[in-house]
Amino acid sequence: MGLEKDWISLGNMVHKAIKMLEKSNVTLAEAFFTSTRTIEVTIRNSEIFTQNMVDDSGVGFRAVAPRNKVGFACTNTLNEKAILETGEKASDIAKVSSETPNFALPEASKPLKVKGLYDPKIKEVTIEEAVDIAKREITAAEDFDKRVIAKDGRVVFQSGWRGVINTLGVDFGEQETKAVIYLGGSGKQNGEVTGSCSDFMFTRTADLNPEKVGKNVAEMVIALFNPKPLKSFEGTAIFGPEAVSYQIFNTLVDALKGENVIARRSAWTQKTGEMVASENLTITDNAILEKGFDSRSFDDEGCSSQNTTLVKKGKLESFLHNAASANALKSSNTGNASRFSGGLDMTSSIIGNGYRAKPEIYPSNLIIQPGNETKEELAKETAKGILIESMAGFPQAGSGMISAQLSRAFFIQNGEIQYPIKSGMVSGIAFDWLKTISGTGKDSKQFMNAVVPSLRVEEVKVIGA
Amino acid sequence: MEIFDSLERCLQSKAVDQANLVQLRGQKRAMIVCTVKNGIVEQFAHVSLSGIGIRVFVDNKSWGFSSANRIDSDSIELSLKNAVKLAKASSKLKKQKIILQPTKKSIADVSTRVKKPLQDLSVEEIAKIPLEAYEGTKEAESKVADSEATFISIEDNKYFLNSEGSRIHQNLTRVMLFVNVLAKSNSLLCPASENLGYAGGLELFDKDSPYSLGKKVAEKAVKLLDAKAPPSGKFRVVIHPTLCATLLHEAIGHPLEADLAMAGGGFGNQMGEKVSSELVTIYDDGQVQGGLGYFPYDDEGVESKRTYLIKNGVLKSFMHDKTSAALSGVSPTGNAHAWDYSVEPLIRQTNIGIEAGDYSLEEMIEDVKEGLFLEGTFGGQADVNADFTFGFQSAKWIRSGELTEELRGANVAGNAIEVFKTIDAVNKEVVLRPGACGKFQFAVQGRVVPAIRCEIMVGGMGGT
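Just so we're clear, the structure is a prediction, and the values are computed from it rather than from any experiment. (Residues numbered from 1 in each chain as written. Chains lettered and ligands numbered in written order. Predicted model: local features only at pLDDT ≥ 70, side-chain atom pairs only at ≥ 80, totals over all residues.)

## What to know about the overall build of chain A
For chain A, the helix and strand inventory stands at eleven helices and 22 strands. Rg of the C-alpha trace for chain A: 23 Å, near the compact-globule value of 23 Å for 465 residues, within the 12% margin. Overall, the C-alpha framework of chain A stretches about 70 × 55 × 35 Å when taken along its three principal axes. With 465 residues in all, chain A has 61% of them scored as buried. Nonlocal contacts in chain A, meaning residues at least 24 apart in sequence, comprise 73% of its contacts between residues at least 6 apart. (Helix = DSSP H or I, 4+ residues; strand = E, 2+ residues; numbered from the N terminus. Rg over C-alpha atoms; globule rule 2.2 N^0.38 Å. Buried ≥ 20, exposed ≤ 12 C-beta atoms within 10 Å, placed from the backbone. Contact = placed C-beta atoms within 7 Å.)

Structural data, given as structure tokens:
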């Protein structure tokens, strides 16, 4: 029970450090701390590659010097001297930081306890069980069809605690568990190698279905055999949940982040109340979703969680906020401070996340309201179009420009999904695509920070090889 | 070196006898991050991390890895026992025996060459570095909607011990400066960015000052506001080293990593065959002084060296760790790297390079009737079959051998193996570029790159 002991002693030391900072010349202070144990089995090239177990506990302090100057320091050295010194370091750095007039931390509130975030079974999972699940993923994929190769995969069980304390009275802790199974595969047939296809489950419970994940990957891979080249055209594109969860999600987040609105970097700056998308698009951010993968009772700076409507039938209703951005824009805090934002930028990759990072604004579970149609039904009225299940290439920050390679895409003709596409690109401004959404699927899927369905978009430019 | 002593004691544990090989890693890492957004110190962070990562190989079949952020003897021994248990958990399932080649015993203490140590600066002076870059961006202020400059320093003390008698201490210092600028005019947004990165000290800024970097990026972003959108389709292109670095890393580098190659990647079974234009010679070298991928030893204790991957277009070697080397019947190449103590080493590039060719940049452009000159990178990704996509920041039309209109950025895509066969000119000058990679875990790397000329698919939105 080493981890529980670490959590308790870390909590005691962090409380002492906050008391010390309270007595010093800081106006506000905050500590975010976690203790986690992660068991992971990785798969490479049809085999179990390795088994890992990682224990990690640490704390990040934010100290605010007079005139709202903020400093951050963190450590994972679990002794009182190191933790008090880290608190002081944050305070020293704060003194030389810039003034940030609108900086704020949340006041104490009573968070609603979100259900389904902890499953004691995950804490008890043995390494043998995790290996078995990984093996079942591989078998399910490769036994389904001999042409399929399980290339890489993961089985992850994580359990731990997350806590926030600040000098305004916030003092919350929450125990949680997470499980992820992932499998990526490709196929080989007569010298032809397909691109990779992947499926996964992000859950809070130990009820995993590796057979389903394996079979899904195999089916995706087989569907990519015998691709045909494509000629450039402009027409209907159906973006599958995976494509929506990556490029389209990222452009939405970019436009919805409160800090981007303040910096006027958001394409939706000053558009609250205006139509920014087709009537078919409704987006919420639901941090209190039962069993939601990124649900939480309080955000990573201690604001109570909520369900926020962001876009309602195409009309922009709200942005995503933390305490500081809400204060700057005189809006209410939506509880979107996150230390696990998974940013693509170098800085967050280098620092790491959790206690190692100051919070960013990020969705919890960004939900696009699903429709009533299957993908096949969405394709029914399309004379000529494309189904894009996944594409590769980062969207351009700010502008919403996506020019992406079609990594798993199918040609649609006369209302039917015909054949896989050999190579090609899709290019356009995601914000324009949102305005021409003509249908949403009923195939919603849970991703790390999103639950999204297929979207059918008109007038999309597709580039052939 | 208290970590060394604790790790050494751990090697006396009985659990060691159950393993074919034990690799013990300890690390202390101190990072400073200072981000200035639009003139305001938006983030100033001090990150102090320490921990151990223990990897064991058992039954000539299976690896296990266990890590903790405690460095006392008891915790280390517990992690070792866990690692053995983890490794045993899958060894029964594995059919294939792997006989790892013994690692050459190394007793070493190495450091990055640092001329101007970071420790000489106060926190105020550190903050001045990105602030100075911001001052540079103000030169083009009226249309700069947003600017961000981030200074990062990483100081690592890495300790490596194995059951074969090696004992290696590496003190590695890295400094980086990233500048991102967004220019805006009406609804048009144009981003531009540039990074400096170096294994060493603050002498990084002797050649390019933070101010000049800020100015250069801001001017670029503003200039792009008046540029047209790039066209779409297949073009003959001259690729500037900034973009060539991404192409090399993503499109060719990844398929040359043995783990990806063994997964049925693009270069699969073509050892000794011609896989690229004969003008192309590619290597990986962890000993490039100053390169962000400067690692004298890898995280399996293998000394790094220059490995020729493709020589005059012929496939010579993949990048290997001990496991892939054993499976392929070759020696490891020093490419096993872990981002930090908490993750296991994987096959990674260090400083990947293309050897210089014979062409001047003028000559490369002169021969192009209609094509594009592509510059700057927004990063990208590649699949095992060598399909890739990545972004360029700006371009110019080449018409009748001359650079003409300026164009904005977009993405390029294609299959690397196809694209590299079309290379018909390599520049005679190479530059050392900073790079990063996110294959399963993060890594900082270097790239040594010339400009190249080839054919590539461009996904722009403009016309000709």
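## A few points about the overall build of chain B
Per the secondary structure count, chain B includes ten helices and 21 strands. Against the 2.2 N^0.38 benchmark of 23 Å for 464 residues, chain B shows a C-alpha radius of gyration of 23 Å, consistent with a compact globule. Considered along the principal axes of its C-alpha atoms, chain B spans approximately 70 × 55 × 35 Å. Taking all 464 residues of chain B together, 61% fall into the buried category. For chain B, the proportion of contacts with a sequence separation of at least 24, taken over those separated by at least 6, is 74%.

## Re the environment of Leu-247 of chain B
Here Leu-247 of chain B lies in helix H6 (residues 241-253). Once the C-alpha coordinates of Leu-247 of chain B and Thr-389 of chain B are considered, the two residues, 142 residues apart in sequence, prove to be 8.9 Å apart.

## Considerations on the pairing of strand S5 (residues 144-162) of chain B
Residue and element names in this part refer to chain B. Counting buried positions over the 19 residues of S5 gives 15, a clear majority of the element. The sheet contact formed by strand S1 (residues 21-37) and S5 spans 15 bridges and is antiparallel. Looking at the pairing, Ile-32 lines up with Ser-153 of S5. Bridge count between S5 and strand S6 (residues 167-185): 17 bridges; the pairing is antiparallel. Its bridge partner being in S6, Asp-156 is matched across the sheet by Leu-172. (Pairing = 2+ DSSP bridges.)

## Quick word on the packing of helix H4 (residues 127-144) of chain A against helix H5 (residues 210-222) of chain A
Residue and element names in this part refer to chain A. Interhelical geometry of H4 versus H5 gives an angle of 35° and a closest axis separation of 7 Å. Of the two elements, H4 crosses H5, and the hand of that crossing is right-handed. Residue-level inspection shows Ile-133, Arg-136, Glu-137, Ile-138, Thr-139, Ala-140, Ala-141 and Phe-144 of H4 in contact with H5, the latter providing Pro-210, Glu-211, Val-213, Gly-214, Lys-215, Val-217 and Ala-218. (Axes fitted to C-alpha atoms, helices over the stretch in contact; angles between N-to-C directions. Left-handed = near helix turned anticlockwise from the far one by under 90°.)

## A few points about the domain arrangement of chain B
Residue and element names in this part refer to chain B. Domains assigned within chain B are domain 1 (2-224) and domain 2 (232-459). Using only C-alpha atoms to locate each centre, domain 1 and domain 2 end up separated by 22 Å. In terms of residue count, strand S7 (residues 188-199) provides more of the side of domain 1 that touches domain 2 than any other element does, seven residues in total. Class assignment for the residues of the side of domain 1 that touches domain 2 results in 17 nonpolar, 16 polar and seven charged. (Domains from an automatic or database assignment. Nonpolar A, V, L, I, M, F, W, Y, C, P; charged D, E, K, R; others polar.)

## Looking at the interface of chain B and chain A
If you look at the interface, chain B gives 69 residues, while chain A gives 66 residues. The leading source of residues in the side of chain B that touches chain A is strand S2 (residues 40-58) of chain B, at eleven residues. Across the side of chain B that touches chain A, the residue classes tally to 33 nonpolar, 27 polar and nine charged.

## So, the sheet that holds strand S10 (residues 306-311) of chain B
Sheets are built from strands that pair by backbone hydrogen bonding, the pairs being arranged parallel or antiparallel. Spatial ordering of the open sheet is given by S11-S10-S9-S14-S20-S19 (chain B), a layout of six strands whose pairing is mixed. The sheet is open, and its two edges are formed by strand S11 (314-315) and strand S19 (431-437) of chain B, each paired on a single side.

## With respect to the sheet that holds strand S11 (residues 315-316) of chain A
Residues and elements named next belong to chain A. Taken in spatial order, the six strands line up as S11-S10-S9-S14-S21-S20 in an open sheet, and their pairing is mixed. The outermost strands of the open sheet, each flanked by one partner alone, are S11 and strand S20 (445-446). Pairing of S20 with strand S21 (residues 450-452) involves two bridges; the strand directions are antiparallel. Its bridge partner lying in S21, Lys-445 is registered against Val-452. Each of strand S9 (283-286), strand S10 (307-312), strand S14 (366-368), S20 and S21 is contacted by helix H6 (residues 241-256), which is oriented at about 120° to S21, the strand it contacts most.

## Some thoughts on the nonpolar core
With 287 residues, the main nonpolar core has Val-14, Val-59, Phe-61 and Ile-388 of chain A together with Leu-177, Ala-221 and Ile-239 of chain B as its most contacted residues. In terms of residue count, the dominant contributor to this core is S2 of chain B (ten residues). Setting aside its immediate chain neighbours within four residues, Val-14 of chain A contacts Ala-31, Phe-33, Val-59, Ile-83 and Ile-165 of chain A. Core analysis: the next-biggest nonpolar cluster, separate from the first, contains five residues, Val-114, Ala-287, Ile-288 and Leu-289 of chain A among them. (Core = buried A, V, L, I, M, F, W, Y, C linked by C-beta atoms within 7 Å.)

## Concerning the pairing of S1 of chain B
Residues and elements named next belong to chain B. Burial of S1 is extensive: twelve of the 17 residues sit out of reach of the surface. In the sheet, S1 pairs with S2 via 17 bridges, with the strands oriented antiparallel. Looking at S2, one finds that Lys-28 is bridged to Ser-50. In this structure, the hairpin formed by S1 and S2 is closed by a connection of two residues, where Asn-38 is found at a positive phi of approximately 50°.

## Here we look at helix H2 (residues 80-96) of chain A
Between its first and last C-alpha atoms H2 of chain A spans 25 Å; for 17 residues at 1.5 Å apiece the expected length is 24 Å, and the two agree. Buried residues of H2 of chain A: Ile-83, Thr-86, Gly-87, Lys-89, Ala-90, Ser-91, Ile-93 and Ala-94 of chain A, and no others. Taken together, the buried residues of H2 of chain A touch helix H1 (2-23), strand S2 (47-65) and strand S3 (69-75) of chain A together with S2 and helix H3 (123-137) of chain B. (Expected span 1.5 Å × (residues − 1).)

## As for helix H5 (residues 210-224) of chain B
Taking 1.5 Å per residue, 15 residues should reach 21 Å; H5 of chain B reaches 22 Å between its end C-alpha atoms and fits that length. Listed in full, the buried residues belonging to H5 of chain B are Pro-210, Leu-213, Gly-214, Val-217, Ala-218, Lys-220, Ala-221, Val-222 and Leu-224 of chain B.

## Some thoughts on the domain arrangement of chain A
All names here are of chain A. When cut into domains, chain A gives domain 1 (2-222) and domain 2 (233-464). Here domain 1 and domain 2 have C-alpha centroids that lie 23 Å from each other. Counting residues at the interface gives 35 residues for domain 1 and 30 residues for domain 2. Those elements giving two or more residues to the side of domain 1 that touches domain 2 turn out to be strand S1 (28-44), S2, S3, strand S4 (148-166), strand S5 (171-189) and strand S7 (197-203).

## Section: the environment of Tyr-182 of chain A
Residue and element names in this part refer to chain A. Relative to the elements of secondary structure, Tyr-182 occurs in strand S5. Between the alpha carbons of Tyr-182 and Asp-152 there is a distance of 8.2 Å; along the sequence they are 30 residues apart. The contacts of Tyr-182, once residues within four sequence positions are left out, are Gly-153, Arg-154, Ser-198 and Phe-200.

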